Amino acid sequence: MRGGTHPRRHERLIALFVVGCLLFSYPLMHLFAGDHKVFGLPLLWVYVFLAWLAVIVATGLLLRSKSGSDGGP
Amino acid sequence: MPQWAVLLTPFLYLGLLFAIAYWADLRAQTARSLVNNPYVYTLSIAVYCTAWTFYGSVGRASQDGLSFLTIYLGPTLAAVLWWLVLRKIIRICKIHRITSIADFIASRYGKSMLLGGLATVIAVVGITPYIALQLKAVSASFDVLLNFPQPAPAGAGALVEDKALWVATLLALFAILFGTRHVDATERLEGMVVAVAFESIVKLVAFLTIGVFVTWVLFNGPGDLVQRVAAEPAMREMLNPSGLPGGYTSWVALTVLSMAAILFLPRQFQVTVVENVNEDHLRTAAWLFPLYLFLINLFVLPIAMAGLIYFGDAPVDPDNYVLALPLAEGRELLALFVYIGGFSAATGMVIVASIALAIMVSNDLVMPSLLRLRHLPWIERLGLRRLIIYLRRLILVLILMLGYAYFRLTDDDYALVSIGLISFVAVAQFAPPILFGMYWKGASRAGALVGLSGGFLIWLYTLFIPSVIDPSHLPGMSSDGLFEGLWLLNPHALFGLEGLDAISHALFWSMFFNIGGLVLVSLYTRQSDMERIQAALFVDVFQRSERDARFWQGTATVGDLEDLLARFTGDAEAARAIRGYSRSRGARLTADQEAPAALINLAERILTGHIGSASARVMMSSIVKGEALTFEGVMEILDATSRAIEYSRQLEQKSRELELATAELRAANQRLTELDRLKDEFVSMVSHELRTPLTSIRAFGEILLGNQDVPMEQQQEFLQVIVKESERLTRLINQVLDLSRIESGWGDWQLKDLDLRDVVEDAVSATSQLFSDRKVKLVQTLPHTPCPLKGDSDRLIQLVINLLSNAVKFTEPERGPVKLEVSLRPSWVELRVTDRGPGIPEHEHLRVFEKFHQISDQQAGKPKGSGLGLAICKRIVDLHWGRIRVENAPTEGATFIVELPEAGGAHCDLAGDKA
């Protein structure tokens, strides 16, 4: 029923959402908004794409196993 | 490029799409459905990427750099919460047979026709610019393909020559064929879903192809592009390293907007919620869909930079870079492929959006007003089913024409992205009533009505109207003296709020009034029973099994019910529904029988799928006599159901507990029987042990009594034996008493802090007589520091006495002394007593501690002890949380080792005890 093998999946998803919002928020983005270049690309661009990919991978990992399909949020 | 090829290709492509959709519909009928898999589901969600993504992102990126990404980061973040939020929406919609956003809102707020209608109007007006955007993109890409490198002819031509009109017509045809065949909107549109999924693949492949071509064939990779852009002062703005492009407020506003859009755009609602086959598909879609967005955006920046470098000041619209680049290089086939990709993106959106809107308009706007008509019976003669289908088709065409009209009205002033964002803000108005409605039971119909209309009016005034009317005619915008003093009403700086871009500004004010109105009015209004029921059902959808919920107290006959269903669903369908119900309940229903409440409920749900919740409610109340249940009534039924579930769960648990208790009892019984057996054994052994000395005492006594002439010294000897045996008897009885006292545990013992050295000292002095009698020496090795213990001093002294007397008994004096050693180990104290006897065989090491166990193969005929001494030792050590074992010391005898836990810390008070 509720939770299954991942009783804390809901909490973790919410935490990931908050982390994701922070990753793309002003203070963090500002850190990377300089004249620096990585592989010849602006640092900010590289950061945004990598952070994006990280959020996607984390979401995939959190939802990987099948469970809790009956429980409520 | 020849004109006929450019014109023919999209038609061929649409033909292919028709074929795919037709094939998928065929498959659906043969039960080998294509849509029941998470990948098709994910690809159909990718209908989110429209011409806006395909053409518009590059245009936006070439001006603002990164800011185009917000439209895709928002959905990525929202997808993280899909498992929590979207799954709840899907569950609610499946249970209540909800098929559109407007119906969701109407149903949540007491099946309100007014709210449903308002939401529908917002959706239609809000999405119109979005459809226009697609038409504009398709027609612009036509022009580029035909006329490049000349700029497109200024202004739109005659109606008949306008390609956008033809595309719109063709798309309407497609949508009608695959979107409006069934009346029941809960039936899945498999053909449409598969076609859209296919289009998602086409647009992704097309965009990746052009991206690779531009980045690595035209230029030398992304690094090269960045270097070249950085070298041109005019283009450096795009790299904009000094901060967030477009400002931080805009960044946040766009992210929030796109989060709302991915959930509440009517077409997204259609593919993610209505067309969802299995909630579990969300687990895949929640990461695969963001990955799709990631891939399709990978080359937006390179293409934008390439366009800037390649065309420089040439009059090429940045929105068209994707097409213009391969054309300028003379790669016409590639351009044609890219064009098909863009066409896919545009048509997918238009098809799904127009179908979703048509269902919404027919269920929540047209049906409710139709049902209020007096002439309904007359209309019904035409057949309501046919009527609904034709109505939907008509509405579909009207919606597409509305989009076309908007496209003609705004024409070339707006970039693609700006048009799309206008729609996003409109759609965001749905977020407060839906999200508040899902998690807050208190949100009321009046609140939703005030909030939604407030937000919508703000949107109309600040975004929509300025986009269709020349802004200089609006108050506050013109320098005309007539409007002096109306600066507060400036649609781009409402109430004097300046410094925000148009989108953030409109989002702020519309949300301000929407959320504010919803919350404030909800707090000060009373909900009707219907609202409270629906609120409870929506908010607690995962907690309740409200399939059994009944809302009708009144009665209706089965025949009436079937007639009503047949009017909307057709005779066969209605009969099937009734048959299915009676089969599942195992009861035969006749037409004049009274329909059970659950059947009435089922009928209402089926109707909801066909004509929307509000209309279904009206239709049901026309045949059900009597009142609908009150909130309390419904809740009581719901609670009774959940109570029954709860009871059965408790019963299950009780029976499990009982089973457990039975097993425990059985084990306890077994233990008791065993103990009983042990006790019998003990008694018989004790009696046996008592009888041996008694027998010899009696025998010698009788000899002395019967034979007077026994010589004196022999008499002395006999009496000595009698005394010795009596002593042995006494000792034995004492030990049995000791044992039984010890067996009872800590009863009358006293737990104190002790020093083991004191205990040993006492025991040694108590046994000194024994040692000197047997002429055995004792060697003690005691540490210099105290050995703190917790325990009962008398028992511990007894323990050491027992061990010492045991050692004395078995030691032959000539072989050496008995050794007693006390040593402190980390966290325990060790006591070793080593004798100089024959030792104990390995297999006896455990058994010596059993009661009455005596080592059998002793040379000496008579056992030397009672067999209880070591048993007592073991018991004492056990009660002091320690361990006792025996080892054979080489060249010596046996060593008994006692390990007791060391006491210490603040609670150990040796001195106090001594005092």
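Everything quoted here is computed from the prediction, not taken from an experiment.

Trainee: Is there a simple way to explain the overall build of chain A in this structure?
Mentor: Across its full length, chain A carries three helices and two strands. What you see in chain A, going N to C, is helices and strands ordered as α-α-β-β-α. Across the 73 residues in chain A, those meeting the buried criterion constitute 22%. Here the contacts in chain A between residues at least 6 apart in sequence split such that 72% fall between residues at least 24 apart.

Trainee: Sorry if this is basic, but what is going on with the overall build of chain B here?
Mentor: Within chain B, the regular secondary structure consists of 33 helices and seven strands. Per-residue burial over chain B gives 46% buried out of 915 residues. Within chain B, contacts between residues separated by at least 24 positions form 82% of all contacts whose residues are at least 6 apart in sequence.

Trainee: Teacher, can you tell me more about the packing of helix α20 (residues 431–439) of chain B against helix α22 (residues 502–523) of chain B here?
Mentor: Helix-helix packing: each pair is described by the crossing angle between the helix axes and the interaxial distance. Residues and elements named next belong to chain B. Direction vectors running N to C along α20 and α22 enclose 35 degrees, while the axes themselves pass 9 Å from each other. The hand of the α20/α22 crossing is right-handed. Facing Pro432, Pro433 and Phe436 of α20, the residues of α22 in contact are Asn514, Ile515 and Leu518. Its residues assigned to classes, the contact of α20 with α22 comprises five nonpolar, one polar and no charged.

Trainee: Explain the nonpolar core here, please?
Mentor: Residues and elements named next belong to chain B. Of all hydrophobic cores here, the largest spans 235 residues; its most connected members are Ile105, Ala119, Phe264 and Val425. Here this core gets 22 residues from one element, more than from any other, and that element is helix α16 (residues 332–372). Residues lining this core come from more than one domain, with at least three contributed by each of domain 1 (3–430) and domain 2 (545–629). When neighbours within four sequence positions are excluded, Phe264 is seen to be in contact with Ile101, Phe269, Val427, Phe430, Ala431 and Ile434. Within the second largest apolar cluster, 38 residues are counted, among which are Leu754, Ile797, Leu799 and Leu820.

Trainee: Looking at this structure, how should I read the sheet that holds strand β6 (residues 883–888) of chain B?
Mentor: In sheet architecture, strand pairing relies on hydrogen bonds along the backbone and comes in two forms, parallel and antiparallel. Residues and elements named next belong to chain B. Spatially, β2-β4-β5-β7-β6 is the arrangement adopted by the five strands of the open sheet, whose pairing is mixed. Either end of the sheet is taken by a strand with one partner, and the two such strands are β2 (778–781) and β6. Along the sheet, successive strands turn relative to each other by an average axial angle of 15 degrees, direction set aside. Two elements, β2 and strand β4 (residues 818–825), share four bridges in a ladder whose sense is parallel. Bridge pairing in β4 links Leu778 to Val818. Along the sheet face, helix α30 (residues 756–774) touches β2, β4 and β5 (828–834) and points at about 175 degrees away from the line of β4.

Trainee: Which parts of the structure should I look at to understand the interface of chain B and chain A?
Mentor: Quoted interface sizes are often the accessible area lost when the parts come together. Counting from both sides, the interface comprises 33 residues of chain B and, opposite them, 32 residues of chain A. The set of elements that each furnish at least two residues to the side of chain B that touches chain A consists of α4 (70–80), α10 (221–231), α11 (248–264) and α13 (281–297) of chain B. When residues of the side of chain B that touches chain A are assigned to their parent elements, the largest contribution, six residues, is made by α13(B). For the side of chain B that touches chain A, the per-class residue count stands at 22 nonpolar, seven polar and four charged.

Trainee: Honestly, unusual backbone geometry in this entry has me stumped. Any pointers?
Mentor: Leave glycine aside and you will find that most residues have negative phi; peptide bonds, for their part, are mostly trans. Residues and elements named next belong to chain B. Phi at Arg97 takes a positive value of approximately 55 degrees, unusual for a residue other than glycine. Position of Arg97 relative to the elements: it lies in the loop between α5 (85–96) and α6 (101–108). Backbone geometry places Lys111, a non-glycine residue, at a positive phi of 50 degrees.

Trainee: Would you take a moment to explain the packing of α30(B) against helix α31 (residues 793–810) of chain B for this structure?
Mentor: All names here are of chain B. With their axes 8 Å apart at the nearest point, α30 and α31 run at an angle of 30 degrees to one another. The orientation of α30 relative to α31 falls into the category roughly parallel. Relative to α31, α30 is oriented so that their crossing is right-handed. Seen from α30, the contacting residues are Val759, Val760, Asp762, Ala763, Ala766, Thr767, Leu770, Phe771 and Arg774; seen from α31, they are Ser793, Leu796, Ile797, Val800, Ile801, Leu804, Ser805 and Val808. In terms of residue class, the contact of α30 with α31 is built from 12 nonpolar, three polar and two charged.

Trainee: Mind showing me how you'd approach the environment of B:Arg526 here?
Mentor: Mapped onto the elements, B:Arg526 comes out in the loop between α22 and α23 (529–539). Sequence separation between B:Arg526 and B:Ser444 is 82 residues; the distance between their C-alpha atoms is 7.6 Å.

Trainee: Hey, could you run me through the pairing of β4(B) in this one?
Mentor: The side chains of a regular strand alternate between both faces of the sheet. Residue and element names in this part refer to chain B. Of the pairings in the sheet, the one linking β4 to β5 comprises seven bridges and is antiparallel in character. Its bridge partner lying in β5, Leu820 is registered against Val833. The loop that links β4 with its antiparallel partner β5 comprises two residues; one of these, Ser827, has a positive phi angle of about 70 degrees.

Trainee: Mind showing me how you'd approach α20(B) here?
Mentor: The α-helix winds at 3.6 residues per turn, so residues separated by three or four positions along the chain end up facing the same way. Most of α20(B) sits out of view: seven of its nine residues are buried. Residues of α20(B) that are buried: B:Ala431, B:Pro432, B:Pro433, B:Ile434, B:Phe436, B:Gly437 and B:Met438.

Trainee: Looking at this structure, how should I read the confidence of the model for chain A?
Mentor: Interpretation of the predicted coordinates at a detailed level should be avoided for regions scoring low in pLDDT. Residues with a pLDDT of 70 or more make up 79% of chain A, whose mean pLDDT is 77. Per-residue pLDDT stays below 50 along residues 1–5 of chain A; that stretch engages in 11 contacts with residues further than four places along the chain or on separate chains.

Trainee: Looking at this structure, I do not really get the environment of B:Val58. What am I missing?
Mentor: Residues and elements named next belong to chain B. Positionally, Val58 belongs in helix α3 (residues 51–64). Accessibility expressed as a C-beta count within 10 Å gives 29 for Val58, which makes it buried. Sequence spacing of Val58 and Asp319 is 261 residues, and the spatial spacing of their C-alpha atoms is 6.1 Å. Setting aside residues no more than four positions away along its own chain, Val58 makes contact with Val300, Ile303, Ala304, Gly307, Pro318, Tyr321 and Val322.

Trainee: Help me out: how do you make sense of the confidence of the model for chain B in this one?
Mentor: Residue and element names in this part refer to chain B. Looking at chain B as a whole, its pLDDT mean stands at 80, while 85% of the residues score no less than 70. Across residues 478–483, confidence stays below pLDDT 50; counting only partners more than four residues off in sequence or on other chains, it has five contacts. Under a pLDDT of 50 for its full length, residues 857–862 has, in the predicted model, one contact with residues more than four places off or in other chains. On the interface metric, ipTM, the complex scores 0.89, and its pTM is 0.68.

Trainee: Explanation requested: the environment of B:Leu409 in the structure shown.
Mentor: Residue and element names in this part refer to chain B. Locating Leu409 in the fold gives a position in helix α18 (residues 384–410). Residue classification places Leu409 among the partly exposed residues on the basis of 13 C-beta atoms within 10 Å. A C-alpha to C-alpha distance of 6.3 Å links Leu409 and Val468, two positions 59 residues apart in sequence.

Trainee: I'm lost on α23(B) in this one. Help?
Mentor: The buried fraction of α23(B) amounts to nine of the 11 residues, a majority that puts the element mostly inside the structure. Where α23(B) is concerned, the buried positions are B:Met530, B:Glu531, B:Arg532, B:Ile533, B:Gln534, B:Ala535, B:Leu537, B:Phe538 and B:Val539.

Cut-offs and rules
Residues numbered from 1 in each chain as written. Chains lettered and ligands numbered in written order. Predicted model: local features only at pLDDT ≥ 70, side-chain atom pairs only at ≥ 80, totals over all residues. Helix = DSSP H or I, 4+ residues; strand = E, 2+ residues; numbered from the N terminus. Buried ≥ 20, exposed ≤ 12 C-beta atoms within 10 Å, placed from the backbone. Contact = placed C-beta atoms within 7 Å. Axes fitted to C-alpha atoms, helices over the stretch in contact; angles between N-to-C directions. Left-handed = near helix turned anticlockwise from the far one by under 90°. Nonpolar A, V, L, I, M, F, W, Y, C, P; charged D, E, K, R; others polar. Core = buried A, V, L, I, M, F, W, Y, C linked by C-beta atoms within 7 Å. Domains from an automatic or database assignment. Pairing = 2+ DSSP bridges. Parallel < 35°, antiparallel > 145°, perpendicular 65-115°, else oblique. pLDDT = per-residue confidence, 0-100.

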